[in-house]
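Here is how the chains run, residue by residue.
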Amino acid sequence: MDLSDISPPSEEVQRATAHALASRITASLAKSVRVDGIPIEVSLSIGIALIDPRVTATPQAMQQSDIAMYRAKRHKHSRIAIFDVADQCSELETYQLYLDLMAAVRKQQLQVEFQPIVDGNNNILAVEALARWHHLNRGMIPPEEFLDLAQKHRQLGVLWEAILRCSLSDFAALRQGIPGLCLAVNLYPTQLSDQHLLQLLDEQLASHDIEPQALTNEITERAVLEATLVMRNNLSGLRQRGVRISLDDFGTGYSSLTLLSELRPDEIKIDRSFVDVMDKDPYVQGIVVLIISLARNLGISLVAEGVERSETLKILAQLGVEKFQGYLFSRPRPWQEIEPVIHPLPASPQAPA
Ligand code: C2E
Ligand code: CA
Ligand code: CA
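Calculation criteria
Residues numbered from 1 in each chain as written. Chains lettered and ligands numbered in written order. Predicted model: local features only at pLDDT ≥ 70, side-chain atom pairs only at ≥ 80, totals over all residues. Heavy atoms only, no water. Salt bridge = Lys/Arg side-chain N within 4 Å of Asp/Glu carboxyl O. Helix = DSSP H or I, 4+ residues; strand = E, 2+ residues; numbered from the N terminus. Buried < 20%, exposed > 50% of the residue type's maximum accessible area, 1.4 Å probe, protein only. Contact = heavy atoms within 4.5 Å.

Before going further, it helps to examine the pattern of salt bridges. Taken as a whole, this structure holds 16 salt bridges when the rule is applied. Among the ionic pairs, Glu128 bridges to Lys269, the shortest N-O distance being 3.0 Å. In this pair, Glu128 is assigned in strand β6 (residues 124-135) and Lys269 in strand β11 (residues 267-270), connecting sequence segments 141 residues apart. Looking at Glu128, the relative accessible area reads 5%, which means it is buried. What makes Lys269 buried here is its relative accessible area of 0%. With a closest N to O distance of 3.6 Å, Arg309 and Asp276 form a salt bridge. On the criterion of sequence distance, the pair formed by Arg309 in the loop between β12 (301-305) and α11 (310-318) and Asp276 in the loop between α9 (272-275) and α10 (282-298) is long-range, its members being 33 residues apart. Look at Asp276 and you get partly exposed, because its relative accessible area is 30%. Bridged by salt links that share partners, the residues Glu128, Glu218, Lys269 and Glu305 form one connected network.

Its place among the elements puts Gln64 in helix α2 (residues 58-74). When its relative accessible area of 14% is taken as the criterion, Gln64 is described as buried. If sequence neighbours within four positions are ignored, Gln64 has contacts with Ala49, Ile51, Thr56 and Phe83.

All we've got here are geometric facts, nothing functional implied.
This is the structure:
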């Protein structure tokens, strides 16, 4: 909008004028739209940047209105937000981080490390690929942070594709030395509703010459899973190909048991928040026993994650768990440093720092 003829020039009036136009636009979409007779609710979020075109260049103006739009999306009541330089410094920083992330994806700067999953004899059965991003100025950014950032800007698919490509090519190299090795990759629940999931997976598996049976998709329970038709199609497509489904962080989500019946996973990963304290807390150990017997009754395979101490390993093995993952065996490492037989750390009262 050109607000230059507001006189006298007042930011307050400019904001009100811009807001009024945005309100009219949102109001025009307040009615549901009918497609083939089916009413569809459409919602609209508007971000506004008030700029002086002599001072602010177009890319900055776009950036500011984009930030304001994401703010509008998060807001419960208002669907309209106006960018404020003063109180959005941290958002600008986050936005910059997001731009850096997308640049890193384009330049193929994301990496993966692998953490072994071992059996009771310390043989490596599989590796879990964990994404790593080394930011030029800020150093290592935790995967949860940059994945959330991508999720927020609806770019998870792009990021996942980059991580998958990197995981599969490193894994293909690693597997040369360890035949029969399997690979676990992480998937956000929302990605299960991605129409392109199967096609992308097929292309990438084929280009790295990896058979689908060697792949497990770990789906975290921490985020909400929407049971859509696409998701069901994807799940059955994955099954048909022989890709395994694992329910990650089991016991920490809002609806563990609903998810269990929705996903029918091949594997459950007992979350490390249980594993970590079970040797000291009989109550938590009771929960782990329950998870183990649940898995056994349903014929689901189990992995205990976050195993840091040999005491924990001993108890888990006595309870019948057969697959383990954790710092006791190995931290996540680049593929060149992974060995077929893992030597666990010697028994120690305290976990390594
Ligand atoms: P996760 O899938 O539960 O992965 C295991 C995390 O626990 C990893 O953290 C690993 O370094 C850490 N860990 C493993 N063993 C131990 C242990 O014995 N003790 C402790 N304290 N920690 C242990 P990381 O790499 O920081 O990843 C954090 C989370 O970020 C992952 O949790 C996963 O949810 C997510 N993530 C990482 N890479 C990806 C990815 O490529 N895609 C998706 N969707 N999520 C990813
Ligand atoms: Ca995982
Ligand atoms: Ca986990």
